[in-house]
Amino acid sequence: MKVHSKTDIGLVRKSNQDFVINKIFSNNIAWSIVCDGMGGAKAGDIASKTAATKISEFFEFSIEKETTDDIRQLHLEAIKYANKVIFQNASNDKELAGMGTTVVVSMIHEGYLHTSHVGDSRAYLIRNGIIKQLTIDHSVVQEMIKNGEITENEAQTHPRKNLITKALGVNKTVTCDYNRTKVQKDDIIMLCTDGLTNYLTSQEIQKILLENTLENVVDILVSRAKDLGGNDNITVSVIEI
């Protein structure tokens, strides 16, 4: 397995509140964690870094202790733990009050891809030249799509497209979505923040992934998002099986 990632401040924001951690633990275990923080001053930076770091540490500790029979439960507990830490930190420091973060996690473990998320950072699977979105955004516009109020194309430019309905660290408890799929040779898994998907459709992402080497593709995707506006931080992580 190979992992490539890049995070970029973009062209407008004064700080980068995205954070990414990748870990190749062994020949058949690896994970990537992408977070998009929110909050005033540096609170968003702290929330995203805390979430990614705590989840990765939780994974590594559990795998080393061989307590990973139930990977779904491992994801739920890791995200619950990160949420608790962020919420407590925000409660204890007025400058951090209200901070939170999205999180999307993909783990390859013994031939399976396990993905969990909170918020609107996404995970995609590219298999046999076809891209599939593995996550469903926790966002206002996604609810509107679900209710038939707007189309997916209309959501791309909707004025409320950046409003999320769920985030890590904002409330005392949080629930995440989880899914599992068996991996195949040559699968590509891509995680990203909305700084990418606000500008590029799934089909455009697929085209770039298939036409470029994975060593270069994260740079190309980030550059393309900046060319189209770059109004947000941009983070992309790609795992190659």
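To be clear, the structure that these remarks concern was listed above.
Residues numbered from 1 in each chain as written. Predicted model: local features only at pLDDT ≥ 70, side-chain atom pairs only at ≥ 80, totals over all residues. Heavy atoms only, no water.

1. Some words on the sheet that holds strand E1 (residues 2–8)
Basically, it comes down to this: At least two bridges found by DSSP between two strands is the condition for calling them paired. Helix and strand definitions here come from DSSP, where helices need a minimum of 4 consecutive H or I residues and strands a minimum of 2 consecutive E residues; each element is numbered from the N-terminal end. For every element, the axis is a line fit to its C-alpha atoms; helices are fit only across the contacting stretch, and the angle between N-to-C directions ranges from 0 to 180 degrees. Should any heavy atoms of two residues lie within 4.5 Å, those residues are counted as being in contact.
One open sheet holds the five strands; their spatial order is E1-E10-E9-E6-E7, and the pairing between them is antiparallel. The open sheet terminates on both sides in strands that have one partner only, identified here as E1 and strand E7 (130–133). Pairs of neighbouring strands in the sheet enclose a mean axial angle of 15 degrees, with direction left out of account. Summarising the sheet, strand E6 (residues 122–127) and strand E9 (residues 188–192) pair through five bridges and their orientation is antiparallel. Among the inter-strand pairings, Leu 125 is bridged to a residue of E9, identified as Ile 189. Across the sheet, helix H6 (residues 202–211) touches E6, E7, E9 and strand E10 (234–240), and the angle it forms with E7 is around 130 degrees.

2. Examining the pairing of E6
Put simply, the test is: Burial classes follow relative accessibility: with a 1.4 Å probe on protein chains only, a residue under 20% of its type's maximum area counts as buried, one over 50% as exposed, and anything between as partly exposed.
When you tally the buried positions in E6, you get five out of six residues, the bulk of the element. Across four bridges, E6 lies against E7 in antiparallel orientation. Residue pairing for E7: Arg 127 is matched across the bridge by Ile 130. Hairpin connection of E6 to E7: two residues between the antiparallel strands, including Asn 128 at a positive phi of 55 degrees.

Purely geometric stuff here, so don't read any function into it on its own.
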